[in-house]
Amino acid sequence: MFSLLTSLMSISTNILATPVKAAFVYVTPIGDHGWTYAHHNGVIHLKKVLGDDVIITEVENVPEDSDSERVITSLARKNDIVFTTSFGYMNPTANVAKRYPNVKFEHATGYMREDNVSVYSARFYEGRHVIGKIAGRMTKNNVIGYIASFPIPEVIRGINSAYLAAKSVNPDVTMKIVWVYTWYDPGKEADAANALIAQGADILMQHTDSTAPMTVAEEKGIHAFGQASDMREWGMNAQLTGIIDDWGPYYLDRVQAVKDGTWESVDVFDGVKQGMVKFAPMNQNMPIDVKNEAMKAIIDLSMGTIHPFTGPINKQDGSPWLAEGETPPNYPDLLTMDFYVEGIDSKYPN
């Protein structure tokens, strides 16, 4: 009997009897579209399922500078788990985690893990593979425009994946890239969109957060793809589809683990197969063969039968990266990607 009581007491101490306090730090306003909006939707799912078992705090529009460490520190003092949802929060998160070893931290798109810090990201490059195929088929000028935020591995992976997919269905395709060095600035994003159109781009991709590129595409009568969420409200004719980030199941799993006392540091990199990367509805005006090809790619990704980076692939300078039929041999090869693939004629950013 004593042994049974001891076991029950041990279990009860590992389960939080009070609600889990979870905080989320966002780099842009929540708004109604894009990256932060997708994370907020994940939080809505978390709250819907756990109800009164979770107390949520969201702090939006936090710059990726010294101010973020102050915000994260403030949240660590009051919460059981803190989610920091942008690459630039990586070092501040690690710094705060060392000072608060009893608090759990989750950092999105980074790679610095500690006993109390997990990292998580999605295989967005799988989504770029699908839209790359669509763009390669749909472009009339053979020019795809790409509005890029910061030259971090996540963004480079997306550019390379989209280009390779477009090239696989259209050998004549080229890609023009404009770096705006911001996650969210409608003015800069609109200027970039117009600059790419002036260079002949008739399809736009973006790794930025506002709907400005979609609005420009709609006004100019060209096509574009939604980023992180469905943006067709801003481009009913322009949007061909959109990559949708679904964080809800992950957030639920991690907060539940805190409540159950089972949380541990992990490194998660999920994609189409796990449902973390999804797609907005295909444009009804898309030719059926293009749509079918895109849907097949989505199915193949979900079954794990294709990989967007399958050799032969050379780096931009012509040096070999992957041999015929080879895929990246390990996770770090993708995690630290810092080169353009062969065929992209834009200068690699410093």
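Scroll up a little and you will see the structure.
Just so you know, these numbers come straight off a predicted model, no measurement behind them.

*Asks:* In this structure, what is going on with helix α10 (residues 288-303)? I would like to understand it.
*Replies:* Along an α-helix, a turn takes 3.6 residues, which lines up residues three or four apart on a common side. Helix length check: α10 (16 residues) gives 22 Å between terminal C-alpha atoms against 22 Å at 1.5 Å per residue, within 8%. Among all positions in α10, only V290, A294, A297, I298, D300 and L301 are buried. End-on view of α10: buried residues confined to an arc of 165°, all on one side of the axis. Those residues of α10 that are exposed and aimed more than 90 degrees away from the buried face are I288, D289, K296 and M303. Buried residues in α10 make contact with α5 (124-138) and β12 (277-279).

*Asks:* In this structure, what is going on with the packing of α5 against α10? I would like to understand it.
*Replies:* Angle between the axes and distance between the axes are the two parameters that describe a pair of packed helices. For the pair α5 and α10, interaxial distance at closest approach is 10 Å and the crossing angle is 165°. Classified by the angle between their axes, α5 and α10 sit roughly antiparallel to one another. Read as a crossing pair, α5 and α10 show a hand that is right-handed. Facing E126, H129, V130, K133, I134, R137 and M138 of α5, the residues of α10 in contact are V290, E293, A294, A297, I298 and L301. A breakdown of the residues in the contact of α5 with α10 according to their chemical character gives 8 nonpolar, 1 polar and 4 charged.

*Asks:* What is the right way to read the environment of K104 from this model?
*Replies:* Assignment of secondary structure puts K104 in strand β4 (residues 104-108). Residue class for K104 comes out partly exposed when judged on its relative accessible area of 25%. C-alpha separation for the pair K104 and R254, spaced 150 residues apart in sequence, amounts to 9.8 Å. Residue contacts for K104: discarding those within four places in its chain leaves D80, I81, V82, N116, V258 and W263.

*Asks:* What is the right way to look at the sheet that holds strand β7 (residues 174-179) in this model?
*Replies:* By way of backbone hydrogen bonds, the strands of a sheet pair with one another, either parallel or antiparallel. A sheet is described by the order of its strands in space; here 6 strands give the open sequence β7-β6-β8-β9-β10-β12, paired in mixed fashion. Of all strands in the sheet, those bounded by a partner on one side alone are β7 and β12. Strand-to-strand twist in this sheet, taken as the mean axis angle between neighbours without regard to direction, amounts to 20°. Sheet analysis places strand β8 (residues 203-206) next to strand β9 (residues 223-226), joined by 2 bridges and oriented parallel. In the sheet register, L204 faces β9, and the bridge partner there is A224. Sheet contacts for helix α8 (residues 212-220): β6 (143-148), β8, β9 and β10 (239-245); angle to β9, the most-contacted strand, approximately 155°.

*Asks:* Explain the environment of H45 to me, please; I cannot follow it from the model alone.
*Replies:* Considering the arrangement of structural elements, one finds H45 in helix α2 (residues 34-50). A residue is classified by how much of its surface remains accessible, and H45, at 30% relative accessible area, is partly exposed. Each C-alpha atom, one on H45 and one on G187, is 32 Å from the other, the two residues being 142 residues apart in sequence. Setting aside anything within four residues of it in sequence, one finds H45 in contact with G248, P249 and L252.

*Asks:* Is there a simple way to explain the environment of E69 in this structure?
*Replies:* Within the secondary structure, E69 sits in helix α3 (residues 66-76). Judged by relative accessible area, which is 22%, E69 ranks as partly exposed. Linking E69 and D333, residues 264 residues apart in sequence, is a C-alpha distance of 29 Å. The residues touching E69, leaving out its near neighbours within four places in the chain, are P92, N95, V96 and R99.

*Asks:* Just checking my understanding: could you explain the packing of aromatic side chains for this structure?
*Replies:* Aromatic ring pairs are reported here in terms of the distance separating the ring centres and the angle at which the planes meet. Per the stated rule, a full pass over the model turns up 21 aromatic pairs. Taking 4.7 Å as the distance between ring centres and 25° as the angle between the ring planes, the aromatic pair formed by Y120 and Y250 counts as stacked. With Y120 in strand β5 (residues 117-122) and Y250 in helix α9 (residues 248-260), this residue pair connects regions lying 130 residues apart in the sequence. We note that Y120, like Y250, is buried. Both rings, one in W321 and one in F339, keep their centres 5.2 Å apart while their planes meet at 70°; by these two values the pair is edge-to-face.

*Asks:* I tried to follow the side chain of R128 on my own but got confused; where do I start?
*Replies:* For R128, the location among the structural elements is in helix α5. Here the side chain of R128 touches Q206 through a polar contact of 3.1 Å, landing on its backbone oxygen.

*Asks:* So what exactly am I meant to see when it comes to the nonpolar core here?
*Replies:* Generally speaking, a soluble globular protein has its nonpolar side chains buried in company with each other. The biggest cluster of nonpolar side chains holds 91 residues, and the ones touching the most others in it are F105, I134, I159, I177, W247, Y251 and F309. Residues in contact with F105, not counting those within four places in the same chain, are I72, A76, V82, T93, V96, A97, Y100, N116, V117, S118 and W263. One finds I147, A193, I197 and M231 within the second-largest nonpolar core, a separate group that totals 19 residues.

*Asks:* Would you explain the pattern of salt bridges in this entry?
*Replies:* Pairs can form between side chains of opposite charge once their charged atoms are near each other. A complete count under the given rule lists 7 salt bridges for this structure. Residues R254 and E106 are paired through a salt bridge, measuring 2.7 Å at the closest nitrogen-oxygen approach. Of the two residues, R254 sits in helix α9 while E106 sits in strand β4, which places them 148 residues apart along the sequence. On the accessibility criterion, E106 (0% relative accessible area) is buried. With a closest N to O distance of 2.8 Å, E293 and R137 form a salt bridge. Of this pair, E293 sits in helix α10 while R137 is found in helix α5, placing the two residues 156 residues apart along the sequence.

Conventions and cut-offs
Residues numbered from 1 in each chain as written. Predicted model: local features only at pLDDT ≥ 70, side-chain atom pairs only at ≥ 80, totals over all residues. Heavy atoms only, no water. Helix = DSSP H or I, 4+ residues; strand = E, 2+ residues; numbered from the N terminus. Expected span 1.5 Å × (residues − 1). Buried < 20%, exposed > 50% of the residue type's maximum accessible area, 1.4 Å probe, protein only. Arc of directions from axis to C-beta. Contact = heavy atoms within 4.5 Å. Axes fitted to C-alpha atoms, helices over the stretch in contact; angles between N-to-C directions. Parallel < 35°, antiparallel > 145°, perpendicular 65-115°, else oblique. Left-handed = near helix turned anticlockwise from the far one by under 90°. Nonpolar A, V, L, I, M, F, W, Y, C, P; charged D, E, K, R; others polar. Pairing = 2+ DSSP bridges. Phe/Tyr/Trp six-rings, centres within 6.5 Å; stacked < 30°, edge-to-face > 60°. Polar contact = N/O pair within 3.5 Å; in protein donor to acceptor, adjacent residues only side chain to side chain. Core = buried A, V, L, I, M, F, W, Y, C linked by side-chain atoms within 4.5 Å. Salt bridge = Lys/Arg side-chain N within 4 Å of Asp/Glu carboxyl O.

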